[in-house]
Amino acid sequence: MENKIVHNGDSNKNSKPVTAIVKHIAKNDKIKEFEEWLSGISKEVSKQEGNMGIDIIRPTDKSKLEYVVIFRFNNYDNLTKSLSENTSSLICYPSTDKM
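Residues numbered from 1 in each chain as written. Predicted model: local features only at pLDDT ≥ 70, side-chain atom pairs only at ≥ 80, totals over all residues. Heavy atoms only, no water.

### Some words on the packing of aromatic side chains
The geometry of an aromatic ring pair is captured by two quantities: the separation of the ring centres and the angle between the planes. According to the stated counting rule, one finds 2 aromatic pairs in the structure shown. Ring plane angle 45 degrees and centroid distance 5.4 Å describe the contact between Phe34 and Trp37, whose orientation is recorded as tilted. Of this pair, Phe34 and Trp37 are both found in helix α1 (residues 31-46), 3 residues apart, which corresponds to roughly one turn of the helix. Accessibility expressed as a relative area gives 0% for Phe34, which makes it buried. Ring plane angle 50 degrees and centroid distance 4.6 Å describe the contact between Phe34 and Tyr67, whose orientation is recorded as tilted. In this pair, Phe34 is assigned in helix α1 and Tyr67 in strand β4 (residues 66-73), connecting sequence segments 33 residues apart. Taken together, the ring pairs connect Phe34, Trp37 and Tyr67 into an aromatic cluster. (Phe/Tyr/Trp six-rings, centres within 6.5 Å; stacked < 30°, edge-to-face > 60°. Helix = DSSP H or I, 4+ residues; strand = E, 2+ residues; numbered from the N terminus. Buried < 20%, exposed > 50% of the residue type's maximum accessible area, 1.4 Å probe, protein only.)

### A few points about the nonpolar core
One broad trend across soluble globular proteins is that nonpolar side chains are buried collectively. Core analysis: the biggest nonpolar cluster contains 16 residues, and Phe34, Leu38, Phe71, Phe73 and Leu79 have the highest contact counts within it. Secondary structure elements with two or more residues in this core: β2 (18-25), α1, β4 and α2 (76-90). When residues in this core are grouped by element, the largest group, 5 residues, is from α1. Not counting residues within four places of it along the chain, the set of residues in contact with Phe73 comprises Pro17, Val18, Val45, Gln48, Glu49, Gly50, Asn51, Met52, Asn78, Leu79 and Ser82. (Core = buried A, V, L, I, M, F, W, Y, C linked by side-chain atoms within 4.5 Å. Contact = heavy atoms within 4.5 Å.)

### With respect to the pattern of salt bridges
Overall, the coordinates contain 5 salt bridges when judged by the stated rule. The salt bridge partner of Arg58 is Glu35, with a shortest N-O separation of 3.0 Å. In this pair, Arg58 is assigned in the loop between β3 (51-57) and β4 and Glu35 in helix α1, connecting sequence segments 23 residues apart. As a salt-bridge pair, Arg72 and Asp55 come within 2.6 Å of each other at their nearest N and O atoms. Of this pair, Arg72 sits in strand β4 while Asp55 sits in strand β3; the two residues are 17 residues apart in sequence, bridging distant segments of the chain. Asp55 gets classed as partly exposed once you look at its relative accessible area, which sits at 36%. (Salt bridge = Lys/Arg side-chain N within 4 Å of Asp/Glu carboxyl O.)

### Let's talk about the side chain of Ser82
Along the chain, Ser82 turns up in helix α2. If sequence neighbours within four positions are ignored, Ser82 has contacts with Val45, Gln48 and Phe73.

### Focus: the pairing of β4
Among the 8 residues of β4, 6 are classified as buried, and the element is accordingly described as predominantly covered. Across 8 bridges, β2 lies against β4 in antiparallel orientation. From the neighbouring strand, Val18 faces β4, where its bridge partner is Phe73. Both β3 and β4 contribute to a ladder of 6 bridges, which runs antiparallel. (Pairing = 2+ DSSP bridges.)

Here is the structure:
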């Protein structure tokens, strides 16, 4: 998993829009479960204050099941608030033994 926050402004409620990019590698035999988890996370984050959209880039190469999730928020404070409230479920999907 790789995390990247792109910050385009001051760290306050008046900052410019920001983007968080999260990458996950899913197990080949757990794609259905991963997609269900991803759907739930997407719905939860879409309810967060300042959310400007979520994009999911699904793998095109079956030998590397890399998912890229792009979260956009209206400012840095709302992004960090959402990540703080959802860190365990957003950044870390359940144990790799399950997914």
